[in-house]
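So the chains spell out like this:
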Amino acid sequence: FALFATILTLRHVYAHATQMARPDAQRKVLAILWMVPIYALCSWMAIVLPNAATKILLVSSVYEAYCVHMFFSFLVAVLGNGHGEAAALDELPATLEAPCSLCGRLRVPGRTFLEQCKLGTLQFVVAKPVLSLLDYLLDDGSELIDYRTASFWILVLLNVSVSVALTALLKFFHATHLSPRLRAYRPWPKFLAVKGVVFMTWFQGVAIQLAVRFDVLGSSTNLSDRSAALAFQNFLVCVEMFLAALAHAHIFGADEWQPDYVPVHLHASVADNLAIDDFVKDFRSVLPKRLRRLRRPPAEAVEEGVEVSPPPVEPLSPDPLLRARSSGSEG
């Protein structure tokens with residue numbers, strides 16, 4: 001899986017490198033694409049070389065934080081349309097809610113909002129490698145989750161840092177995703193792709209550690225110790241990176257940055273995808289005319305040339321007064 005993910009990504013990187021129509025944005029896309037082979041190869045090497053797994057995974061830990069900020073820079077580059085942050089500010093409202101406010105819903109100017117979101121992603125770029133290195137240096141081989149160890153508090157700080165970065169990225173995306181400049185490049189799938197690779201794999205690792213610590217999987221399983229849990233996490237990452245490489249080939253396509261590119265917007269409903277209307281038309285075309293006449297109003301049947309007999313007219317009951325007069329005249 002790691003090899004296939006790397007080959008697919010290299011092919012995709014080559015397509016962008018040879019069709020560099022928007023360097024300001026495509027450079028960020030290339031940085032995001034390299035995340036998949038780095039993740040996959042580091043996880044594969046950690047499985048093959050378990051004694052050096054902690055050192056190898058430091059590389060992917062540093063790069064995942066870098067990719068979070070690269071996606072933020074990608075959004076700013078697309079909003080700026082090649083003219084930097086000053087042009088990107090034109091796409092922001094005059095005031096917005098601060099991304100990480102401790103004093104309730106505080107509204108700030110657009111420039112301040114942009115700077116705070118940038119700070120929120122940049123802190124993760126600095127905190128993740130520093131805390132990962134401290135975790136490696138202070139690791140004493142104790143239990144995965146133990147509040148008396150330094151690794152536990154490092155994990156808490158990492159969760160705080162990744163939560164702040166995710167909040168800043170989400171707030172900025174929410175404030176700009178309706179911009180015409182950004183909507184032309186399908187921002188929502190791109191956001192999910194980066195969020196899925198960086199944040200979901202991180203919380204997946206935390207969930208596996210918690211499952212092992214509290215014996216959720218059972219003490220008799222092969223995942224009952226720390227090394228086996230780490231190997232299982234790395235195996236899942238290898239498989240997930242292959243799926244991510246397939247998704248990136250469609251989501252971060254090189255064609256959409258070309259000047260003559262025309263985006264395709266799909267508005268097909270479920271009935272269109274299953275051709276239900278066509279099936280109903282075919283089915284109704286083979287029904288006997290008499291059955292169709294019974295199911296339709298008479299006006300539609302006349303239009304089709306089908307003779308419709310008029311409804312029977314019931315005889316009116318004679319008026320008693322008229323009947324008395326007629327009998328009197330006869331007398």
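Up top you'll find the structure we're talking about.
Residues numbered from 1 in each chain as written. Predicted model: local features only at pLDDT ≥ 70, side-chain atom pairs only at ≥ 80, totals over all residues. Heavy atoms only, no water.

*Asks:* Please explain the packing of aromatic side chains as it appears in this structure.
*Replies:* For any pair of aromatic rings, geometry is given as the distance between the ring centres together with the angle between the planes. Overall, the coordinates contain 13 aromatic pairs when judged by the stated rule. For the pair Phe4 and Phe242, a centre-to-centre distance of 6.2 Å together with 50° between the ring planes defines the contact as tilted. Residue Phe4 is found in helix H1 (residues 2–18), and its partner Phe242 is found in helix H10 (residues 226–251); the two are separated by 238 residues along the sequence. On the basis of relative accessibility, which here comes to 51%, the residue Phe4 falls in the exposed class. Between Phe71 and Phe191 the ring centres are 6.2 Å apart and the planes differ by 45°, which places this aromatic pair in the tilted class. Of this pair, Phe71 sits in helix H4 (residues 53–80) while Phe191 is found in helix H9 (residues 187–213), placing the two residues 120 residues apart along the sequence. (Phe/Tyr/Trp six-rings, centres within 6.5 Å; stacked < 30°, edge-to-face > 60°. Helix = DSSP H or I, 4+ residues; strand = E, 2+ residues; numbered from the N terminus. Buried < 20%, exposed > 50% of the residue type's maximum accessible area, 1.4 Å probe, protein only.)

*Asks:* I would appreciate a short explanation of the pattern of salt bridges in the present structure.
*Replies:* Proximity of charged atoms lets side chains of opposite charge pair with each other. Tallied over the entire structure, the rule returns five salt bridges. The salt bridge involving Asp24 is made with Arg22; its shortest N-O contact spans 3.1 Å. Under the relative-accessibility criterion, Arg22 is labelled buried at 13%. Across the salt bridge formed by Glu256 and Lys190, the nearest N and O atoms sit 3.0 Å from each other. Here Glu256 is found in the loop between H10 and helix H11 (270–274), whereas its partner Lys190 is found in helix H9, with 66 residues between them in sequence. Comparing Glu256 with Lys190, the two get one shared label, buried. One continuous salt-bridge network, built from bridges that share partners, spans Arg186, Lys190 and Glu256. (Salt bridge = Lys/Arg side-chain N within 4 Å of Asp/Glu carboxyl O.)

*Asks:* I tried to follow the packing of helix H3 (residues 35–48) against H4 on my own but got confused; where do I start?
*Replies:* How two helices pack is summed up by the angle between their axes together with the distance between the axes. The N-to-C vectors of H3 and H4 enclose an angle of 165°; their axes lie 9 Å apart at closest approach. Between H3 and H4, the angle falls in the class roughly antiparallel. Regarding H3 and H4, the two cross each other, and that crossing is left-handed. Where H3 abuts H4, its residues Met35, Ile38, Tyr39, Cys42, Ser43, Met45 and Ala46 lie against Ala53, Ile56, Leu57, Val59, Ser60, Tyr63, Glu64 and Cys67. Considering only residue class, the contact of H3 with H4 consists of twelve nonpolar, two polar and one charged. (Axes fitted to C-alpha atoms, helices over the stretch in contact; angles between N-to-C directions. Parallel < 35°, antiparallel > 145°, perpendicular 65-115°, else oblique. Left-handed = near helix turned anticlockwise from the far one by under 90°. Contact = heavy atoms within 4.5 Å. Nonpolar A, V, L, I, M, F, W, Y, C, P; charged D, E, K, R; others polar.)

*Asks:* Could you clarify how one ought to interpret the nonpolar core in this entry?
*Replies:* Most often, soluble globular proteins keep nonpolar side chains buried together rather than apart. By size, the foremost hydrophobic cluster in this structure holds 59 residues, and its most contacted members are Met35, Phe71, Phe74, Phe172, Met241 and Phe252. It is H4 that contributes the most residues to this core, 13 residues altogether. If we ignore the near neighbours within four places in the chain, the residues touching Phe74 are Ala25, Lys28, Val29, Lys190 and Trp257. (Core = buried A, V, L, I, M, F, W, Y, C linked by side-chain atoms within 4.5 Å.)

*Asks:* Would you explain the side chain of His248 in this entry?
*Replies:* Inspection of the secondary structure puts His248 in helix H10. The exposure class assigned to His248 is buried, which follows from its relative accessible area of 2%.

*Asks:* What is the right way to read a nonpolar patch on the surface from this model?
*Replies:* A cluster of nonpolar side chains, Leu41, Trp44, Met45, Ile47, Val48, Leu49, Phe232 and Phe235, forms an exposed patch at the surface whose accessible area comes to about 690 Å². Counting residues per element, the ones that place at least two in the nonpolar patch are H3 and H10. Broken down by element, the residue count for the nonpolar patch peaks at five residues, all from H3. Take Leu41: it is sitting in helix H3. We classify Leu41 as partly exposed; its relative accessible area is 36%. (Patch = residues over 30% accessible without salt bridge, like charges linked within 9 Å, V, L, I, M, F, W, Y side chains within 5 Å. Areas by Shrake-Rupley, 256 points an atom, 1.4 Å probe, with all protein chains shown as cover.)

*Asks:* Which parts of the structure should I look at to understand H3?
*Replies:* Two residues of an α-helix separated by three or four positions point the same way, owing to the 3.6 residues in each turn. Its 14 residues give H3 an end-to-end C-alpha distance of 20 Å, which sits within 8% of 20 Å, the value for a rise of 1.5 Å per residue. For H3, every residue scored as buried is listed here: Met35, Val36, Pro37, Tyr39, Ala40, Cys42, Ser43 and Ala46. (Expected span 1.5 Å × (residues − 1).)

*Asks:* Before we go on, may I ask you to explain the packing of H1 against H3 in this structure?
*Replies:* At a minimum axis distance of 9 Å, the contact between H1 and H3 shows a crossing angle of 160°. Taken together, the axes of H1 and H3 lie roughly antiparallel to each other. For the pair H1 and H3, the sense of crossing is left-handed. On the side of H1, the interface is formed by Ala2, Ala5, Thr6 and Thr9, while H3 contributes Val36, Pro37, Ala40, Leu41 and Trp44. Of the residues belonging to the contact of H1 with H3, the class tally is seven nonpolar, two polar and no charged.

*Asks:* I tried to follow the environment of Gln19 on my own but got confused; where do I start?
*Replies:* Relative to the elements of secondary structure, Gln19 occurs in the loop between H1 and helix H2 (23–33). What makes Gln19 partly exposed here is its relative accessible area of 27%. A C-alpha to C-alpha distance of 8.2 Å links Gln19 and Trp257, two positions 238 residues apart in sequence. Beyond its immediate sequence surroundings of up to four residues, Gln19 is in contact with Gln26, Ala254, Asp255 and Gln258.

*Asks:* Please clarify how the environment of Val194 should be interpreted in this entry.
*Replies:* Topologically, Val194 is positioned in helix H9. Between the C-alpha atom of Val194 and that of Phe71, which follows or precedes it by 123 residues, the distance is 7.5 Å. Non-local contacts of Val194, meaning those with residues more than four positions away in its chain, are made with Ile32, Phe71, Phe199 and Phe252.

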